[in-house]
Number of protein chains: 2
Amino acid sequence: MTIGDAVGTTQPRLAQASIADDIGLLLAKLHAVGSVRNNRALADVQLRERSYSVLRLACSGLEPTQRELAEFLSLDPSQIVALVDELERRGLVVREQGRTDRRQKIVLGTPEGERIHAQALAAVRASERDQLAALDDEEEATLRALLRRALWH
Amino acid sequence: MTIGDAVGTTQPRLAQASIADDIGLLLAKLHAVGSVRNNRALADVQLRERSYSVLRLACSGLEPTQRELAEFLSLDPSQIVALVDELERRGLVVREQGRTDRRQKIVLGTPEGERIHAQALAAVRASERDQLAALDDEEEATLRALLRRALWH
DNA sequence: ATCAATCGTTGACATTTTCAATGATCCATA
DNA sequence: TATGGATCATTGAAAATGTCAACGATTGAT
C-alpha cells in the first residue's frame with residue numbers, strides 16, 4: 001500500500017471517533033498526505049520537501065543563516081548542514097560568511113538555484129491546490145491565517 | 001537546541017518570506033512543534049504520539065482492525081504491528097479475531113488500557129490547548145473543521 | 001476446486017530525528 | 001585587554017520512522 005493514494009476520499013469509518021478532532025492527529029495526517037504529494041511533485045526537479053524549503057528560503061532574498069533555517073523549519077541544525085551540503089554540491093546554493101558574525105553562514109541561491117526554484121515552486125503550488133481542492137479560496141485563506149497565527153502568536 | 005521550545009514566540013525574521021504561506025510548511029511546522037509537545041505530555045504515561053493514537057482508537061468502541069488503523073493513521077500496516085505488539089505487551093490492548101473475516105484482527109482496549117487512555121487523553125488535551133493558545137474557541141473550532149474537510153472531502 | 005486478492009506479519013533497508021561533543025568565533029566584564 | 005561563557009556550524013552515533021518485498025492464512029469470485 002502507499003500512503004498518499006487515498007486523499008479526499010470519502011470519510012473512513014474511524015473518522016467518527018472523537019480522535020478525529022485531535023488537532024495533532026489532523027495535522028499529522030494532512031501533513032503526511034501532503035508530504036507524499038509534494039515529494040511526488042518535486043521529483044521532477046530532484047528535490048524533496050525539505051531541500052525545497054531550504055532552497056526556497058535561500059532564494060527569498062532574506063539571506064538566512066543556517067541557524068535561522070533550522071529554527072524556521074523546525075529542524076536540528078545538523079540536518080540543515082546535510083541539506084545545504086547536498087544543494088551546494090548540486091550548485092543550487094552557496095554558503096557565504098555571515099555579514100557581521102563570522103561564525104554564521106548565510107545560504108544563498110545561485111542563478112541555477114533560482115531556475116530550479118521557480119520550477120519547484122510551480123510544482124508545489126499545483127500540489128497544494130490539489131490537496132486543498134475541498135476548500136474554496138476563502139476557506140483556504142482562513143486556514144492559512146489560522147495556522148500562521150497558531151504558530152507565530 | 002530543542003525544537004519544541006519556541007512556540008508562539010514572536011514572529012521570526014524568516015516568517016516574512018512567502019514560503020510562510022505554503023500550507024505544506026505551515027502544517028509541517030505546527031505538527032513538528034505539536035508532536036514534541038504531545039510526546040512530552042505523554043511521557044508520564046509512557047506513551048508516544050503514535051501509541052497514544054492507537055490506544056485511543058482501540059478504546060473508542062469502534063473495534064478497529066489493524067488495517068483500518070494503518071489507513072486512518074497514515075502508517076504502513078507493518079508499523080501498526082509493532083505499535084500493537086508494544087501495547088499488548090503492556091496489557092493495554094488485546095487482539096481479537098475479526099468478527100466476519102478471520103484474517104483481520106481487531107484491536108481492543110483492556111480495562112487497564114482504558115485507565116491509561118483516560119490519563120493520556122487529558123494530557124494531550126492540555127497540550128493542545130497550550131499549543132493553540134493564540135486562537136480563541138471559535139477559531140479553534142474553525143481550524144478543526146477546515147482540517148477535517150480538507151482531509152475527508 | 002481453483003485462483004487472485006486481502007490481512008497481518010516478518011525482515012531488510014533507507015531516511016529522519018535526536019543528542020552530545022568539538023573548534024571557531026563572539027561578547028561581556030573584570 | 002585578556003578571560004570565560006555563550007553561540008555558530010559541523011561531526012558522528014544512536015534511536016525512531018518510513019518504505020518495500022515477501023510469506024502463510026484466509027477470503028471471495030469464477
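Residues numbered from 1 in each chain as written. Chains lettered and ligands numbered in written order. Predicted model: local features only at pLDDT ≥ 70, side-chain atom pairs only at ≥ 80, totals over all residues.

1. Considerations on the relation of the copies chain A and chain B
Each of the two chain copies goes to the other by way of a rotation about an axis and a shift along it.
Then, in step 1: When chain A is fitted onto chain B, the two copies agree to an RMSD of 0.1 Å after a turn of 180° and an axial shift of 0.0 Å. The two molecules are tied by a two-fold rotation axis, judged by turn and shift.
Then, in step 2: A shared interface surface links the copies, since 100% of the contact residues of chain A are contact residues in chain B too. (Least-squares fit on C-alpha atoms with pLDDT ≥ 70 in both. Contact = placed C-beta atoms within 7 Å.)

2. Some thoughts on the protein's contact with DNA strand D
Then, in step 1: Around DNA strand D lies a shell of 22 residues, among which Gln66, Arg67 and Ser78 of chain A together with Asp76 and Arg102 of chain B are the nearest.
Then, in step 2: Looking at the surface near DNA strand D, the elements with two or more residues in it are α3 (66-73) and α4 (77-89) of chain A together with α4 (77-89) of chain B.
Then, in step 3: It is α4 of chain A that provides the largest number of residues to the surface near DNA strand D, a total of four residues.
Then, in step 4: When the residues that make up the surface near DNA strand D are grouped by side-chain class, the tally is five nonpolar, seven polar and ten charged. (Near = placed C-beta within 6 Å. Helix = DSSP H or I, 4+ residues; strand = E, 2+ residues; numbered from the N terminus. Nonpolar A, V, L, I, M, F, W, Y, C, P; charged D, E, K, R; others polar.)

3. Observations regarding unusual backbone geometry
Most peptide bonds are trans, and most residues other than glycine sit at a negative phi.
Then, in step 1: Phi angles above zero are rare outside glycine, and glutamine 46 of chain A is one such case at about 60°.
Then, in step 2: Along the polypeptide, glutamine 46 of chain A turns up in the loop between α1 (23-42) and α2 (49-58).
Then, in step 3: A tally of 12 C-beta atoms within 10 Å means that glutamine 46 of chain A is categorised as exposed.
Then, in step 4: One non-glycine residue, serine 74 of chain B, lies in positive phi territory at about 55°.
Then, in step 5: In this fold, serine 74 of chain B is placed in the loop between α3 (66-72) and α4. (Buried ≥ 20, exposed ≤ 12 C-beta atoms within 10 Å, placed from the backbone.)

4. Some details on the protein's contact with DNA strand C
Then, in step 1: In the neighbourhood of DNA strand C, 23 residues make up the surrounding shell, with Asp76 and Arg102 of chain A together with Gln66, Arg67 and Ser78 of chain B lying closest.
Then, in step 2: The element contributing the most residues to the surface near DNA strand C is α4 of chain B, with four residues.

5. Thoughts on the interface of chain A and chain B
Then, in step 1: The interface is formed by 59 residues belonging to chain A together with 59 residues belonging to chain B.
Then, in step 2: Of all the secondary-structure elements, those providing two or more residues to the side of chain A that touches chain B are α1, α2, α3, α5 (111-131) and α6 (137-151) of chain A.
Then, in step 3: Considered class by class, the residues forming the side of chain A that touches chain B number 32 nonpolar, 14 polar and 13 charged.

6. Observations concerning the nonpolar core
Then, in step 1: In this structure, Val54 and Leu55 of chain A together with Val54 and Leu55 of chain B are the most contacted members of the largest nonpolar core, which totals 77 residues.
Then, in step 2: Not counting residues within four places of it along the chain, the set of residues in contact with valine 54 of chain B comprises Leu69, Leu83, Val84, Leu87 and Val107 of chain B. (Core = buried A, V, L, I, M, F, W, Y, C linked by C-beta atoms within 7 Å.)

7. What to know about helix α5 (residues 111-131) of chain B
All names here are of chain B.
Then, in step 1: For α5, built from 21 residues, the straight-helix expectation of 30 Å at 1.5 Å per residue is met to within 8% by its first-to-last C-alpha distance of 30 Å.
Then, in step 2: Among the residues of α5, those classed as buried are Gly113, Ile116, His117, Ala120, Val124, Ser127 and Gln131. Down the axis of α5, the sector holding all buried residues measures 105°, keeping them to one side. In α5, the exposed positions that point more than 90 degrees away from the buried face belong to Pro111, Ala118, Ala122, Arg125, Ala126 and Arg129. (Expected span 1.5 Å × (residues − 1). Arc of directions from axis to C-beta.)

Read these as layout, nothing more, since geometry by itself doesn't imply function.
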